[in-house]
Amino acid sequence: MSVPVVLVPRAPARAAGIAGLLRDAGHEVVVAPVIERAPVEDTSALEAAVRDLGDGAYAWVAVTSVNAVDALVAAAGRTGAPLAASARRARWAAVGQATRQALEAAGVAVEIVPEGESSAAGLVAAFADQPDAEQPDAEQPDAEQPDARHPDARAGGRRVLLPLGDLAGPTLPDGLAALGWVPAVVTAYRTVRRELPADVAARGRAGGFDAVVVTSGSVAREVARQLGTRAPVVAIGRPSAAAARAAGLRVAAVAERPTDEALAAAVTAVLPAQKENA
């Protein structure tokens, strides 16, 4: 039986974890990104949002990717104050453990991480369990001031800051609005195409990969565009799997959790059967 070959279409730094696990399992791994993050051309809106955050303008911040964390940290740096300082005026939610770890590394305490699906829909479900923001009595000016960690309507009320990528769908803002929250969307970064090296693209179109790892809808669409739909894919979660199927890709497996370990396990589980059936 030949050695299975897996394409991980991510930037080398982001792919290092799963690539190492797959190589340890005896697979050949090719790392080559099909998308990359780029800053927004006009960063003024994001910087304004970070300043407003420090002024208590938001009750919550919901973050859906490590890319958004990086963009927030950079924007905070440009305003002259670290993100950790502004973050104390709001409560924070993260889409998954990787995003949570990135926020905590920046000094931000995270209160919500969806227990089930790590996706925009999972965040909406988590917010559905949150109590309504308190509404102060306008005729009681001496009412107790809001706790900085749990703002009431005078310090963010039901406003939720959503620093999203430019290709983000409406699931999160629409879902939060339906629950009575007030989403404030700001574009934190852009997702741009990156062409695969010619040899990698040719290998993929010729059926040279036994599996392709898909970690987002954008990756799925680019894999289909650049390689065609011949190679089976293993998705990091249900939203990525749905996007892959919509792009015409065959989804061989979906990771049980959005982690490198679970994704590598899902890839390894499907590879032997594929090689034997080849």
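Preceding this paragraph is the structure being described.
Just so it is clear, the structure is predicted and the values come from calculations on it, not from any experiment. (Residues numbered from 1 in each chain as written. Predicted model: local features only at pLDDT ≥ 70, side-chain atom pairs only at ≥ 80, totals over all residues. Heavy atoms only, no water.)

Moving on, we get to the overall build of the protein. For the protein, the count of helices and strands is 11 helices and 10 strands. For the protein, the exposed area adds up to about 13,100 Å²; of that, 49% sits on carbon and sulfur atoms. (Helix = DSSP H or I, 4+ residues; strand = E, 2+ residues; numbered from the N terminus. Areas by Shrake-Rupley, 256 points an atom, 1.4 Å probe, with all protein chains shown as cover.)

For the rest of this paragraph, the subject is the sheet that holds strand E7 (residues 182-193). Spatially, five strands are ordered E3-E7-E6-E4-E5 in an open sheet, and the strand pairing comes out mixed. Taken across any chain shown, the strands that pair with only one partner, and hence form the sheet edges, are strand E3 (35-38) and strand E5 (91-94). The average angle at which neighbouring strand axes cross in this sheet is 25°, direction not considered. Bridge analysis of strand E6 (residues 159-165) against E7 gives seven bridges, and the strand direction is parallel. Bridge pairing in E7 places Arg159 opposite Val182. (Pairing = 2+ DSSP bridges. Axes fitted to C-alpha atoms, helices over the stretch in contact; angles between N-to-C directions.)

Bringing the sheet that holds strand E10 (residues 251-254) into the picture now. Judged by pairing direction, the sheet is parallel, and its five strands sit side by side in the order E2-E1-E8-E9-E10 without closing on themselves. Looking at the sheet topology across the chains shown, the edges are occupied by strand E2 (28-31) and E10. Geometrically, the sheet is characterised by an average inter-axis angle of 25° between neighbouring strands, direction not taken into account. Both strand E1 (residues 5-8) and strand E8 (residues 211-214) contribute to a ladder of two bridges, which runs parallel. By the bridge assignment for E8, Leu7 is matched with Val212. Packing against the sheet, helix H1 (residues 12-24) makes contact with E1, E2 and E8, and its axis sits at approximately 175° to E2. (Contact = heavy atoms within 4.5 Å.)

Here we take up the side chain of His27. Turning to its location among the elements, His27 is positioned in the loop between H1 and E2. Classification of His27 by relative accessible area gives buried; the value is 10%. Once residues lying within four places of it in the same chain are set aside, the contact partners of His27 are Val3, Pro4, Val6, Leu22, Thr268 and Leu271. (Buried < 20%, exposed > 50% of the residue type's maximum accessible area, 1.4 Å probe, protein only.)

For any pair of aromatic rings, the description rests on two quantities: the centre-to-centre distance and the angle between the ring planes. Under the defined criterion, the tally for this structure stands at two aromatic pairs. Ring geometry for Trp60 against Phe127: centres 5.2 Å apart, planes inclined by 70°, an arrangement best described as edge-to-face. With a gap of 67 residues between them, Trp60 in strand E4 (residues 60-63) and Phe127 in helix H6 (residues 120-128) connect regions that are remote in the sequence. Exposure class is identical for Trp60 and Phe127. Each is buried. Their ring planes at 80° and their centres at 5.5 Å tell us that Phe127 and Trp181 sit as a pair that is edge-to-face. Of this pair, Phe127 sits in helix H6 while Trp181 sits in the loop between helix H7 (171-178) and E7, placing them 54 residues apart in sequence. Looking at Trp181, the relative accessible area reads 6%, which means it is buried. In this structure an aromatic cluster arises from ring pairing among Trp60, Phe127 and Trp181. Positioned above the aromatic ring of Trp181 is the side chain of Arg158, whose terminal nitrogen or guanidinium carbon lies 4.0 Å from the ring centre. (Phe/Tyr/Trp six-rings, centres within 6.5 Å; stacked < 30°, edge-to-face > 60°. Lys NZ or Arg CZ within 6 Å of the ring centre and 35° of its normal.)

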